[in-house]
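# Observations on chain architecture
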Amino acid sequence: MVDGSSGNVSEMDVWQIVLLSALLAPGWAKLLAMGLNWVHGCPWPPIILWSTRKLNDVLVFLLPILHAAWLWNGGEITSPLWLLVATLSAIGSIVLIRDAWRYQFPVVPDWEVDKQVEIRTWPDGHPARQVGRGHGSKLARFPFNEQYSLSIVRREWVLDELPPDFGELTITHFSDAHFRGAVTRAWYEEVLQEAADFRSDLVVFTGDLLDDEHLLEWVPATFGRLHARLGCYFLLGNHDRPFDVAVIRQSLERLGWQDAAGRGVILHDGPRQIFLAGTEVPWMGEHPSQLSATKASLRVLLSHTPDNVEWSIEHGFDVVLAGHTHGGQIRLPILGPVYSPSRYGVRYSAGIFDVSGVKMHVSFGLSGREPLRINCRPEITQIVLRPRQTVPPSA
Ligand SMILES: [Fe+2]
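Here's what I pulled together on the structure shown here. As a convention, each chain's residues are numbered from 1 in the sequence order in which they are written. Per-residue local features of the predicted model are confined to residues with pLDDT of at least 70, and side-chain atom pairs are confined, for both listing and counting, to 80 or more; whole-chain, interface and lining totals are unaffected and use all residues. In computing side-chain values, all of the structure's heavy atoms are included and hydrogens and water are not.

Around a metal, the perfect tetrahedron of four donors has angles of 109.5 degrees, and the perfect octahedron of six donors has angles of 90 or 180 degrees. For the iron ion, the protein coordination sphere consists of D176 (OD), H178 (NE2), D208 (OD) and H326 (NE2), at 2.0 to 2.2 Å. Keep in mind that water is not among the atoms, so a site may look incomplete; donors are the N, O and S atoms within 2.8 Å of the metal, or 3.2 Å for Na, K and Ca. Under the classification used here, a metal with four donors is tetrahedral if each angle lies between 85 and 135 degrees, square planar if opposite donors are over 155 degrees apart and the others between 65 and 115, a six-donor metal meeting that same test is octahedral, and anything else is irregular. Its four donor atoms give the iron ion angles of 88 to 173° at the centre, a pattern that matches the irregular case. Positions of the donor residues of the iron ion along the chain correspond to the pattern D-x1-H-x29-D-x117-H. Of the two residues, D176 is situated in the loop between β3 (169-174) and α5 (185-197) and D208 in the loop between β4 (202-206) and α6 (219-222); the sequence distance between them amounts to 32 residues. Secondary structure elements follow DSSP: runs of H or I of four or more residues count as helices, runs of E of two or more count as strands, with numbering from the N terminus.

Together, W38, W44, I47, I48 and W50 make up a nonpolar patch on the protein surface, roughly 550 Å² of accessible area in all. Top element by residues in the nonpolar patch is helix α2 (residues 46-72). It accounts for three residues. With respect to the secondary-structure elements, I48 resides in helix α2. Like-charged residues are merged into a patch within 9 Å and nonpolar side chains (Val, Leu, Ile, Met, Phe, Trp, Tyr) within 5 Å, provided each residue has over 30% relative accessible area and no salt bridge. Residue exposure ignores everything except the shown protein chains as possible cover, and the areas themselves are Shrake-Rupley values with a 1.4 Å probe. A pair is scored as a salt bridge if a Lys or Arg side-chain nitrogen falls within 4 Å of a carboxyl oxygen belonging to Asp or Glu.

What follows deals with the packing of aromatic side chains. How two aromatic rings sit relative to each other is set out by the distance from centre to centre and by the angle between their planes. Only Phe, Tyr and Trp rings take part, Trp by its six-membered ring, and two of them pair if their centres are within 6.5 Å. Stacked means planes under 30 degrees apart, edge-to-face means over 60, and tilted covers everything else. Inspection of the entire model under this criterion finds 16 aromatic pairs. Geometrically, the ring pair formed by F179 and Y188 is edge-to-face, given 4.6 Å between the ring centres and 70° between the ring planes. Both residues of the pair, F179 and Y188, count as buried. An aromatic cluster is present here, built from F174, F179, W187, Y188, F205, W218, F223 and W257 joined pairwise through their rings. The positively charged end of R272 is found above the aromatic ring belonging to F166, 4.6 Å away from the centroid. Remark: a charge is flagged as sitting over a ring if the NZ atom of Lys or the CZ atom of Arg is within 6 Å of the ring centre and within 35 degrees of the ring normal. Above the face of the F317 ring, R299 is positioned so that its terminal group lies 5.4 Å from the ring centre. Residue burial is assigned from relative accessible area. The probe radius is 1.4 Å, only protein chains are included, and a residue is buried under 20% of its type maximum, exposed over 50%, and partly exposed in between.

All right, on to helix α1 (residues 14-40) then. Given a helix with a known number of residues, its expected span is that number minus one, times 1.5 Å. Over its 27 residues, α1 extends 37 Å from the first C-alpha to the last, a length consistent with the 39 Å expected when each residue adds 1.5 Å. Where α1 bends most, the angle comes to about 30°, and this point is A25, followed within four residues by the proline P26. One side-chain oxygen of the residue at the start of α1 lies 3.0 Å from the amide nitrogen of W15, identifying that residue as D13. Throughout, bend refers to the angle between the axes fitted to the seven residues that end at a position and the seven residues that start at it. N or O atoms closer than or at 3.5 Å make up a polar contact, with two conditions inside protein: a donor-capable atom paired with an acceptor-capable one, and, for residues adjacent in sequence, both atoms drawn from side chains.

Another point: helix α3 (residues 80-104). Here α3 is 25 residues long and its end C-alpha atoms lie 36 Å apart, about the 36 Å a rise of 1.5 Å per residue gives. W82, A86, S89, G92, V95, L96, D99 and A100 are the residues of α3 that are buried.

This is the structure:
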């Protein structure tokens, strides 16, 4: 038993030690995940990213074991070392509870007035359901994996900043295709045909096209399906960076897609102007610099990562469309996502956010380096933008 007067736990029985270690473990795991998320939101070399992931995987299990072993060998719960590790666990637990609360009770901004979600699945035997060869094919067969289904989402936003005569603008947004092989071309063809069927005014893709450059040959049959009155614009992401990005960009441009990275363009659409810019920072290029010469009534930033939202606020954007975080890919019951490669952790793993007046949509993406998604379906989205104040119909 615990000697309460001295704090000596040398007499703690094994179950007390196991219970105390188990109580402290989630807080440590959360702190480790926060560190891992922060590192993976930065442009570190792949070896650093790989090493931190492996270190995280080891420490998640090792810390509780070390803690239990230390107590078993006479460690005292009044010692400065134990108070330090317990305090760290408490901090992690508080953040864990905060993030779980945000996951359970997300704030829906008043500018989103409608959201419709249709779930698409494909029957057994359909080519889109088949698992291809290569990395991830075993994971792809994991029970409850939602990788081979699709959320078709339609969101309606009313924006105070749009002039009453702006009318309606539709944008198709999807992200993070991650061509790698286990998810077959047939699935992407089905999904991007659904995206094409939105028939939006503008189509945008916010990066991470592939993890296997040989699959660039899939682009015409997939991205080639999409066309839009105001254009199709793309970014690349951190997973595209190891390959010849010039070749990747050219393959999309040959299909009529336009590269939005590091630049801004004014889309003239009748009497209205829309400013569209893109950034692949921190992995490639620079933020766009042509930001001032515009009278646009709507300013949209495409960003691979949601971490550029602060930059978008500083430069007067109205809307940010981002990807990269994949919704966390695995969303635990009650707790929600744990891993999300962002300096903000799981805060912007997916969904809509009002960040100091900027309206941000972070896509769940289509796949990932690992084709495993639990409670985290791939997503394509159409966003319908309208002014809050509209011109009254003439009598
Ligand atoms: Fe990605």
